[in-house]
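Examination of the molecular architecture
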Amino acid sequence: MYEPRFYRAQGSKRLKKFSVCYKETDLLIYAPIQLSDICLSTIRNLRLKLDEYIERNPLFKESLTPIKVTIDTEEEIMQMVNNSFLLGVGPMATVAGAFAEKVGVEVLKKTDEVIVENGGDLFIKLNEDCNIGVFPGRKSPFKDKLAIKLKSEQMPIGVCTSSGMMGPSLSKGKADVVTVISKSTLLADAAATAIANRV
């Protein structure tokens, strides 16, 4: 079920803001220039690879634990599998991070700054420091009080969040919010899921 993404009302004031949607993927993107066509093409291509692979190997979509794949698997699928193995989760625990990072990398071929938000998972490359708000829930005493400061020299970087108490994603735990930062957005996504499962 779709939940309104109220946090999208905030964001960068100096970059252009645009959305790109395709099937279940709904990205909010900030960049110095409008690059909707490139972003949509990137999403479609990655989705096509995912759909074709899942048709051949349905376990890829359903498994909540790591799975093995053959060495001739597409690079993007292999990245999802490898990162899921590191954290002991299913490969789809990396899917939001995979789309965010893939689109972000493509945008950076045309410009030098980008923020890609995919359901609370972020790929970020900026030329200045920034603060990322963390939402722990409407009833939390920490609501509107949590933020992570990112330094420009750390970027590009992935910032991914998982919760057992809100949002549509499956979690085995009861964490209000878990946020993980990594150079790999896929790894951050898998780690946020894995940690939230354990809380």
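Cut-offs and rules
- Residues numbered from 1 in each chain as written.
- Predicted model: local features only at pLDDT ≥ 70, side-chain atom pairs only at ≥ 80, totals over all residues.
- Heavy atoms only, no water.
- Helix = DSSP H or I, 4+ residues; strand = E, 2+ residues; numbered from the N terminus.
- Buried < 20%, exposed > 50% of the residue type's maximum accessible area, 1.4 Å probe, protein only.
- Contact = heavy atoms within 4.5 Å.
- Areas by Shrake-Rupley, 256 points an atom, 1.4 Å probe, with all protein chains shown as cover.
- Phe/Tyr/Trp six-rings, centres within 6.5 Å; stacked < 30°, edge-to-face > 60°.
- pLDDT = per-residue confidence, 0-100.
- Expected span 1.5 Å × (residues − 1).
- Core = buried A, V, L, I, M, F, W, Y, C linked by side-chain atoms within 4.5 Å.
- Axes fitted to C-alpha atoms, helices over the stretch in contact; angles between N-to-C directions.
- Parallel < 35°, antiparallel > 145°, perpendicular 65-115°, else oblique.
- Left-handed = near helix turned anticlockwise from the far one by under 90°.
- Nonpolar A, V, L, I, M, F, W, Y, C, P; charged D, E, K, R; others polar.
- Pairing = 2+ DSSP bridges.

Moving on, we get to the overall build of the protein. Helices and strands together make up the secondary structure of the protein, namely five helices and eight strands. The buried share of the protein, reckoned over its 199 residues, is 46%. For the protein, restricting intrachain contacts to residue pairs at least 6 apart in sequence, the fraction spanning at least 24 positions comes to 51%. Of the roughly 10,900 Å² of accessible surface on the protein, 54% is carried by carbon and sulfur atoms.

Using the criterion set out here, one finds one aromatic pair in the structure. Arranged with centres 5.3 Å apart and planes meeting at 80°, the rings of Tyr53 and Phe60 form a pair that is edge-to-face. The pair Tyr53 / Phe60 is uniform in exposure class, with both members buried.

On average, the protein scores 90 in pLDDT, and the residues at 70 or more come to 90%. Put simply, strand β5 (residues 130–133) is where the protein has its lowest mean pLDDT, 92, and helix α4 (residues 95–107) is where it has its highest, 98.

Moving on: α4. The terminal C-alpha atoms of α4, which comprises 13 residues, lie 18 Å apart, in line with the 18 Å expected from a rise of 1.5 Å per residue. By the criterion of burial, α4 is predominantly enclosed, with ten of the 13 residues buried. Of all the positions in α4, only Ala96, Gly97, Ala98, Phe99, Ala100, Glu101, Val103, Gly104, Glu106 and Val107 are classed as buried. Lining the buried residues of α4 we find β2 (25–31), α1 (36–56), α3 (75–87), β3 (114–118), β4 (121–125) and α5 (185–198).

For the rest of this paragraph, the subject is the nonpolar core. Residues Phe18, Ile29, Cys39, Phe60, Val103, Val107 and Val116 are the most contacted members of the largest nonpolar core, which totals 26 residues. When residues of this core are traced back to their parent elements, those giving at least two are β1 (16–22), β2, α1, α3, α4 and β3. In terms of residue count, the dominant contributor to this core is α1 (six residues). The contacts of Ile29, once residues within four sequence positions are left out, are Lys16, Lys17, Phe18, Val20, Cys39, Val103, Val114, Ile115 and Val116. Ranked by size, the runner-up nonpolar core spans 13 residues in total, among them Leu15, Ile115, Ile124 and Val159.

So, about the packing of α4 against α5. Running from N to C, α4 and α5 point in directions that differ by 160°, and their axes come no closer than 7 Å. In terms of orientation, α4 and α5 fall into the roughly antiparallel class. Read as a crossing pair, α4 and α5 show a hand that is right-handed. Between α4 and α5, the residues in contact are Val95, Ala96, Gly97, Ala98, Ala100 and Glu101 and Thr185, Leu186 and Asp189, respectively. Its residues placed into classes, the contact of α4 with α5 shows five nonpolar, two polar and two charged.

Before going further, it helps to examine the sheet that holds β3. Across a sheet, strands are paired by hydrogen bonds formed along the backbone, either parallel or antiparallel in direction. Strand order in the open sheet made by the six strands is β1-β2-β3-β4-β7-β8, with antiparallel pairing throughout. Looking at which strands have only one partner, the edges of the open sheet turn out to be β1 and β8 (178–182). Along the sheet, successive strands turn relative to each other by an average axial angle of 15°, direction set aside. The pairing of β3 with β4 spans five bridges and is antiparallel. Residue pairing for β4: Val116 is matched across the bridge by Phe123. Against the sheet, α1 makes contact with β1 and β2, and its axis sits at roughly 30° relative to β1, the strand it touches most. Across the sheet, α4 lies against β2, β3 and β4, angled at about 160° from β3, the strand it touches most.

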